[in-house]
Amino acid sequence: MIGLLVATLASAQTFDVARLDGDPVPAQVLAGSVESDFASVEGQSIHETGSRPRWWRLTARAPISPAEAPHLVLRFPYLNHVEVWRPGDTMPVRRGLVGHDADFSFSTRALVVPLPQGLATGEAIYIRVHTLTPAPMFVDVEPLAQVHRQDLRHVAMRTFVLGTLSVLALLAVGFWIGIGERSYAYLFLTLAAQALYLASVGGEVRGVPWLADLIGADPRVGRMFGLLGVLASNSFVALYLNLNDHHTRLMRALHVCNAALLLLLLANVGSAANVLGVLASAVFLACAVVTFTASAAGALKRQREAYFMVLSWTPMLVLALLRMGELLGGWRNPEWMEYAFPIGLAMGGLVLTIGLTDHMHQMRRDRDHASRLATYDVLTGALTRSAITERLDALVESAQRGRRPLSVVFFDIDHFKKINDEYGHRVGDQTLRIVSLRTRNRLRTYDLFGRYGGDEVLVVLPDTQLREALCVAENLRAAVNCRPLSIDNRLFTATLSLGVAELHHGESVERLLERADAALYASKETGRDRVTGYTASRLRTTAATPAANTANTHSTSTIY
Ligand SMILES: Nc1nc2c(ncn2[C@@H]2O[C@H](COP(=O)(O)OP(=O)(O)OP(=O)(O)O)[C@@H](O)[C@H]2O)c(=O)[nH]1
């Protein structure tokens, strides 16, 4: 299948390609004394995996006219260096993307050598290849105009990929600093390392001369960025998919991959051997398989983050498999694969950035929801006990500091248990809702209204003295018993007992609430459906006449 794809995409062949498994002196090769040792190679690419220089021969199948300024083009050389002997040359043309042999008149797409005389059928070009990147170099002849056209396209494509990765990395670091979320740090490290890896092996680092000199003859820097990128990506995956909790086995597998990556990083410091590149690709493939498995398992469990991971990693896994197959000599990938991998990295990074942002958004929604639940009572919409006491603390402190009055009212539905028992819990709930609605409507916007527990409600009245607070409480009482409740075709009257207290100078919140509660208790004790105010030394109760709700009588309760 892949062979068919390659065959379909392969262009008409210009050269017969042959390889010499050795590195004789150039004079021997050019004199033709090792000609019979060259072995034919299928296709039109140079693919070396060893670190030692090897000789390749390109024999023209048909005449190449000098008319259109033909150039020998070795596409996607990465860090490889070549010495090219054209027919009649006494000195080779040396080429590499970076280092002393770099030719800045062309992009990093290819190593380009002019063929000013063209080639006759059967004439051969000899190339001594020093391989630093074990990937295929595609060989062809292009007229100068075409070389420039393709170079522009290549630069545009690489700028897009490297630009996307850099922008995403900057965004990630910005979010990391702004939000302080660790996943963004790992995402930043992943994207930055990937961008540096691509720029190192792809040759764009030659824009930075000292870095180019460092990397030019040594593939270790690029490899190090690649390994660091995979390490950072693994840490990101573990955190983003919460592998520690959800997939402990896969987490262990990822630990093994990380250990292998660390070993490779160490080995990479000591050796530049190409076999490390092949091993690094194998470990990357293993990491991709673990990541993909964790993502697929998460997606099956409807884990939202896993969908983004599947979307980001499926292309990477396929590309890694194809690359691995090629490195191990299983097949030749088409040339567009050289663009597919970096584009896959950039698009994967984009998907992960969107996924992580979605994750943050989801976390914020969950947190807002939890905070709403902690602040507002679901049944009545009143503040919860913890929310109202927290706010009361602040209001009392401010009132004490500003020497401003503040009062609180505690109220409780009379015989609420009976309503529950007689009409059921649903009616009881409805009663709580209606009582809340009726009473809240009688308050100012800056008064606080909170469900203190069961059917007990606390109202906080800032800037209110006891006298006014008693009127407010009376108003609340009247709001409930002014007309019967009609719930589920049942008509019944509910009444409230209320206790009011005004904050004394230097008094604690606990003491203030104790006094209001005592006043409420006094209302219950003295017959319910009434308001009791706690003055400095005594309780004063205002009671309603059950028959005429609006006509109140006043009575004084026991001295407290
Ligand atoms: N329907 C309903 N009932 C609740 C809820 N929370 C607490 N209750 C009930 O409210 C009742 C509270 O009763 P109490 O305040 O102790 O007594 P009471 O019947 O109101 O009598 P007094 O307060 O002395 O007038 C209990 O039966 C609780 O089960 C709720 O959210 N919904």
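Refer to the structure above for everything that follows.
Predicted model, so just to flag it, every value in this text is computed and none were measured.

Chemist: I'm lost on the site of the ligand in this one. Help?
Modeler: Taken together, 16 residues lie near the ligand, and D414, F416, K417, G428 and G454 sit nearest. Within the residue set of the shell around the ligand, elements represented by two or more residues are β11 (406-413), α13 (416-423) and α14 (425-440). Here the residues of the shell around the ligand are counted per class, giving four nonpolar, five polar and seven charged.

Chemist: What am I meant to see in helix α12 (residues 385-402) here?
Modeler: Since the α-helix advances by 3.6 residues per turn, residues separated by three or four positions end up pointing in the same direction. In a regular helix each residue adds 1.5 Å, so 18 residues correspond to 26 Å; α12 covers 25 Å between its end C-alpha atoms and thus fits that length. Looking only at α12, the buried set comprises I388, L392 and L395. When α12 is viewed along its axis, its buried side chains cluster within an angular range of 70 degrees and face the same direction. Of the exposed residues in α12, those oriented more than 90 degrees away from the buried face are S386, D393, A394, E397, S398 and R401. Contact partners of the buried residues in α12: β11, β12 (448-453), β13 (456-462) and α16 (509-525). Positioned one or two residues after α12, R403 has a phi angle of 50 degrees, which is positive.

Chemist: Even after reading the chapter, I still don't get helix α3 (residues 144-179), so can you show me in this structure?
Modeler: With 36 residues, α3 should cover 52 Å at 1.5 Å per step; its first-to-last C-alpha distance of 51 Å lies within 8% of that length. For α3, the set of buried residues is V147, H154, R158, V161, L165, L168, A169, A172 and F175. Those residues of α3 that are buried are in contact with β5 (70-75), β8 (110-114), β10 (137-143), α4 (182-202) and α11 (337-375). In the stretch just after α3, G180 is the one whose phi turns positive, near 80 degrees.

Chemist: How should the packing of α4 against α11 be read in this particular structure?
Modeler: Helices that pack against each other are described as a pair by the angle of their axes relative to one another and the distance between those axes. Between α4 and α11, the shortest axis-to-axis distance is 11 Å and the interhelical angle comes to 170 degrees. Viewed along their axes, α4 and α11 adopt a mutual orientation that is roughly antiparallel. Viewed along their axes, α4 and α11 form a crossing whose handedness is left-handed. Mapping the contact onto sequence places S183, Y184, L187, L191, Q194 and L198 in α4 and P342, L345, G349, L352, T353 and L356 in α11. Classifying every residue of the contact of α4 with α11 gives eight nonpolar, four polar and no charged.

Chemist: Looking at this structure, I do not really get the nonpolar core. What am I missing?
Modeler: Across soluble globular proteins, you tend to see nonpolar side chains buried next to one another. Core analysis: the largest hydrophobic core is formed by 97 residues, its most contacted members being L187 and L191. Per-element accounting of this core gives the leading share, 14 residues, to α4. Counting residues domain by domain, this core receives three or more from each of domain 1 (11-148) and domain 2 (152-365). Core analysis: the second largest hydrophobic core is formed by 40 residues, L406, A469, V472 and L476 among them.

Calculation criteria
- Residues numbered from 1 in each chain as written.
- Predicted model: local features only at pLDDT ≥ 70, side-chain atom pairs only at ≥ 80, totals over all residues.
- Near = placed C-beta within 6 Å.
- Helix = DSSP H or I, 4+ residues; strand = E, 2+ residues; numbered from the N terminus.
- Nonpolar A, V, L, I, M, F, W, Y, C, P; charged D, E, K, R; others polar.
- Expected span 1.5 Å × (residues − 1).
- Buried ≥ 20, exposed ≤ 12 C-beta atoms within 10 Å, placed from the backbone.
- Arc of directions from axis to C-beta.
- Contact = placed C-beta atoms within 7 Å.
- Axes fitted to C-alpha atoms, helices over the stretch in contact; angles between N-to-C directions.
- Parallel < 35°, antiparallel > 145°, perpendicular 65-115°, else oblique.
- Left-handed = near helix turned anticlockwise from the far one by under 90°.
- Core = buried A, V, L, I, M, F, W, Y, C linked by C-beta atoms within 7 Å.
- Domains from an automatic or database assignment.

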